Amino acid sequence: MRYLSRSFLLGALQRRKDVEQFLGPVTVGSIEGIRWVSIWPWQDGYNVSVHDVQDLDDENCGDLSVFPPLDSEGEDDPGPGRLIGHVQDPTEAIELAERSTGAAPHRWVNHGVAGEDYADLVRARRSRLRR
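The notes below deal with the structure included here. (Residues numbered from 1 in each chain as written. Predicted model: local features only at pLDDT ≥ 70, side-chain atom pairs only at ≥ 80, totals over all residues. Heavy atoms only, no water.)

We now examine the overall build of the protein. When you go through the protein residue by residue, the secondary structure sums to three helices and five strands. Helices and strands in the protein line up, N terminus first, as α-β-β-β-β-α-β-α. Its C-alpha atoms give the protein a radius of gyration of 15 Å, within 12% of the compact-globule value 14 Å for 131 residues. Dimensions of the protein along its principal axes, counting C-alpha atoms only, are 45 × 35 × 20 Å. Out of the 131 residues belonging to the protein, those deemed buried represent 42%. Split by element, the accessible area of the protein, about 7,200 Å² in all, is 49% carbon and sulfur. Taken together, the 15 basic and 22 acidic charged side chains of the protein have centroids lying 8 Å from each other. (Helix = DSSP H or I, 4+ residues; strand = E, 2+ residues; numbered from the N terminus. Rg over C-alpha atoms; globule rule 2.2 N^0.38 Å. Buried < 20%, exposed > 50% of the residue type's maximum accessible area, 1.4 Å probe, protein only. Areas by Shrake-Rupley, 256 points an atom, 1.4 Å probe, with all protein chains shown as cover. Lys, Arg positive; Asp, Glu negative; His and termini not counted. Charge placed at Lys NZ, Arg CZ, Asp CG, Glu CD.)

What follows is the structure, given as structure tokens:
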């Protein structure tokens, strides 16, 4: 099972583990890419970040955190992304991420797993092209 139930999502954050969600294709300026959101423990709370990265069109590249940023000026390191906010409570972090990015409550995954949703997008896109 890829997606975390709400209780497993909260449990992961309370254990100080990162969670993430693939949000889909995005266009920044005239450049097409993909977007994902992450929640990660930082100091005494949780950071919520959104990441706009290049679409590598490779279903075998599963770690979205290593994809090059779309805006090389605005993001030196694709890992941290653009910080949306820092909050103390894991529930508050989830709500901030969902409210700010449109993340779906039922599509959160552990760190490193959002790439599976990206791979699904690449496979679906290729399947449509073959028809």
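This part covers helix α1 (residues 6-14). Taken residue by residue, α1 has L9, G11, A12 and L13 as its buried positions. Here the buried face of α1 lies against β1 (19-28), β2 (31-42), β3 (45-54), α2 (90-101) and β5 (109-110). Trailing α1 by a residue or two, R16 shows a phi angle of about 70 degrees, which is positive. (Contact = heavy atoms within 4.5 Å.)

All right, on to α2 then. Given 3.6 residues per turn, any residue in an α-helix points the same way as the ones three and four places further on. Relative to the 16 Å expected for twelve residues at 1.5 Å per residue, α2 spans 16 Å between its end C-alpha atoms, a close match to the ideal helical length. Those residues of α2 lying buried are P90, A93, I94, L96, A97 and E98. Buried-residue contacts for α2 involve α1, β2, β3 and β4 (82-87). Its side-chain oxygen 3.0 Å from the backbone nitrogen of T91, D89 forms the N-cap of α2. Of the residues flanking the end of α2, it is G102, one or two places downstream, whose phi is positive at about 80 degrees. (Expected span 1.5 Å × (residues − 1). Polar contact = N/O pair within 3.5 Å; in protein donor to acceptor, adjacent residues only side chain to side chain.)

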